[in-house]
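Each chain, written out:
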Amino acid sequence: MKIALFSNPYQEKYKSALNDFISYLQSNFDLTIEKDFHAYLGVLGIDTGNAQAFDLKEFDGAWLAVSIGGDGTLLSKAALLARHNTPVVGINTGHLGYLAACRLNEARDMIERIKAGHCRHEKRTMLELVSINDEPCDNIIALNEIAILRQDTTSMISMPTTINGTMLTTYMGDGLVISTPTGSTAYNMSVGGPIMMPLTSCLALSPISPHSLTMRPIVVGDDSEIVVTINTRAQWIQVSVDGMAMTLPSGSTVKIACAPYKLSVIQKEEHNFANTLREKLLWGADQR
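Now for a look at the structure at hand. In this text, all values refer to a predicted model and were calculated from it rather than measured experimentally.

Thresholds, definitions, all that
Residues numbered from 1 in each chain as written. Predicted model: local features only at pLDDT ≥ 70, side-chain atom pairs only at ≥ 80, totals over all residues. Heavy atoms only, no water. Helix = DSSP H or I, 4+ residues; strand = E, 2+ residues; numbered from the N terminus. Buried < 20%, exposed > 50% of the residue type's maximum accessible area, 1.4 Å probe, protein only. Polar contact = N/O pair within 3.5 Å; in protein donor to acceptor, adjacent residues only side chain to side chain. Contact = heavy atoms within 4.5 Å. Salt bridge = Lys/Arg side-chain N within 4 Å of Asp/Glu carboxyl O. Pairing = 2+ DSSP bridges. Axes fitted to C-alpha atoms, helices over the stretch in contact; angles between N-to-C directions. Core = buried A, V, L, I, M, F, W, Y, C linked by side-chain atoms within 4.5 Å. 1 Å grid on protein atoms, 1.4 Å probe; cavity = no way out; pocket = protein on both sides within 12 Å on 5 of 7 lines; lining within 4 Å. Points joined across faces, edges and corners; volume = space filled by probe spheres on them. Nonpolar A, V, L, I, M, F, W, Y, C, P; charged D, E, K, R; others polar.

## Some remarks on the side chain of Thr 185
At step 1: Assignment of secondary structure puts Thr 185 in the loop between strand 14 (175-179) and helix 5 (187-190).
At step 2: On the basis of relative accessible area, Thr 185 is assigned to the buried category, the value being 11%.
At step 3: One polar contact links Thr 185 to Tyr 98, side chain to side chain, over a distance of 3.5 Å.
At step 4: Ignoring anything within four residues of it in the chain, the contact list for Thr 185 reads Tyr 98, Ile 195, Leu 277 and Leu 281.

## Describing the pattern of salt bridges
At step 1: Counted by the stated rule, this structure contains nine salt bridges.
At step 2: A salt bridge links Lys 268 to Glu 106; its shortest N-O distance comes to 3.5 Å. Placement of Lys 268 in strand 21 (residues 263-268) and of Glu 106 in the loop between strand 6 (102-103) and helix 4 (107-116) is noted, with a sequence separation of 162 residues between them.
At step 3: Of the residues examined, Glu 106 reaches a relative accessible area of 31% and is grouped as partly exposed.

## Some thoughts on the sheet that holds strand 14
At step 1: As summarised here, the arrangement of the six strands in space is 16-15-14-11-18-19, forming an open sheet in which the pairing is antiparallel. In this open sheet, the two strands that pair with only one neighbour each are strand 16 (218-221) and strand 19 (244-249). With direction set aside, neighbouring strand axes in the sheet form an average angle of 20°.
At step 2: Relative to strand 14, strand 11 (residues 145-150) runs antiparallel, the two being bridged by five bridges. Within strand 14, the position partnered with Glu 145 by the bridge is Ser 179.

## Considering the nonpolar core
At step 1: Within the largest apolar cluster, 31 residues are counted, with the highest numbers of intra-cluster contacts made by Leu 5, Phe 21, Leu 25, Val 66, Val 89 and Ile 111.
At step 2: Of all the secondary-structure elements, those providing two or more residues to this core are strand 1 (2-7), helix 1 (15-28), strand 2 (30-34), helix 2 (35-44), strand 4 (64-69), strand 5 (88-92) and helix 4.
At step 3: The element contributing the most residues to this core is helix 1, with five residues.
At step 4: Among residues more than four places away in sequence, those in contact with Ile 111 are Ile 3, Phe 21, Tyr 24, Leu 25, Phe 29, Leu 64, Val 66 and Val 89.
At step 5: Ile 132, Tyr 171, Val 220 and Ile 256 belong to the second-largest nonpolar core, a separate cluster that totals 26 residues.

## Thoughts on the layout of surface pockets
Over the atoms, a rolling probe the size of a water molecule traces out where space has been left empty.
At step 1: The calculated volume of the largest pocket comes to roughly 410 Å³.
At step 2: If you go around the largest pocket, you meet 18 residues; those closest to its centre are Leu 75, Ser 76, Lys 77, Ala 79 and Ile 141.
At step 3: At seven residues, the largest contribution of residues to the lining of the largest pocket is made by helix 3 (residues 71-83).
At step 4: Residue composition of the lining of the largest pocket, grouped by class: 12 nonpolar, two polar and four charged.
At step 5: The calculated volume of the second largest pocket comes to roughly 320 Å³.
At step 6: Where the lining of the second largest pocket is concerned, the elements lending two or more residues are strand 6, strand 21 and helix 6 (273-280).
At step 7: It is helix 6 that contributes the most residues to the lining of the second largest pocket, four residues altogether.
At step 8: Among the residues making up the lining of the second largest pocket, the classes are represented as four nonpolar, seven polar and six charged.

## Description of the pairing of strand 8 (residues 127-132)
At step 1: In terms of burial, strand 8 is a largely internal element, five of the six residues being buried.
At step 2: Bridge count between strand 8 and strand 20 (residues 253-258): five bridges; the pairing is antiparallel. The residue bridging Leu 129 from the neighbouring strand is Ile 256, located in strand 20.

Distances and angles like these do not, on their own, reveal function.
Here's what the structure looks like:
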């Protein structure tokens, strides 16, 4: 069984636990390690044994991917793993760890659960930036959201928006967040968008600082093709794909739809979305 391991270079305080976990993986699996993390482990003095280093550009799939870090670490590899139909388990050494299944001290037990089939594979919807000004894009994929944002200006953005060719509205404000159910508790939630159960077949469009009291978030089906034209007095606007921003000229039109594949995120059998909301986001907590 081939396991692909990746992480971020901020694991010094977890050195002992990380060393034990990698030793376990080497002893029980065909372990491969993303090359930058492989080099970082050498700096920490952690023995990687016969584990091979792999380049992300040459990744061709694995039985399982293990992401050590926070949600951002997993997000950065989500499109690659989904394209290669590789399920991923998140081991949290970050802050919230909303997508993670466990902490590092539970990682060995979690892998044994997965090996025995005592886990849940949750197929998470992803978004694709299909085209910019009718020019096709090449695999620009988001697990959380695609956001349209103003850049270096206080000028309002005007965003005529269609759903499946039908005019929805013209959003006026600081921007627009198009979110998956997974991303509904990320940027979408911070701008007042709806929380969606992770496996629901829908997307949310949530305006950022709308210039109207009646401009509210809306939930649409995940079969929707969303086309937004972005106009502003400024010269440039930004489009952010899971936090990775690109600059486009004012007047650009972007087409957004669900990606043709989903990411399989592994959770414990007893994992419950409502519990996650209460425990990690303090949803409904009485602070009095």
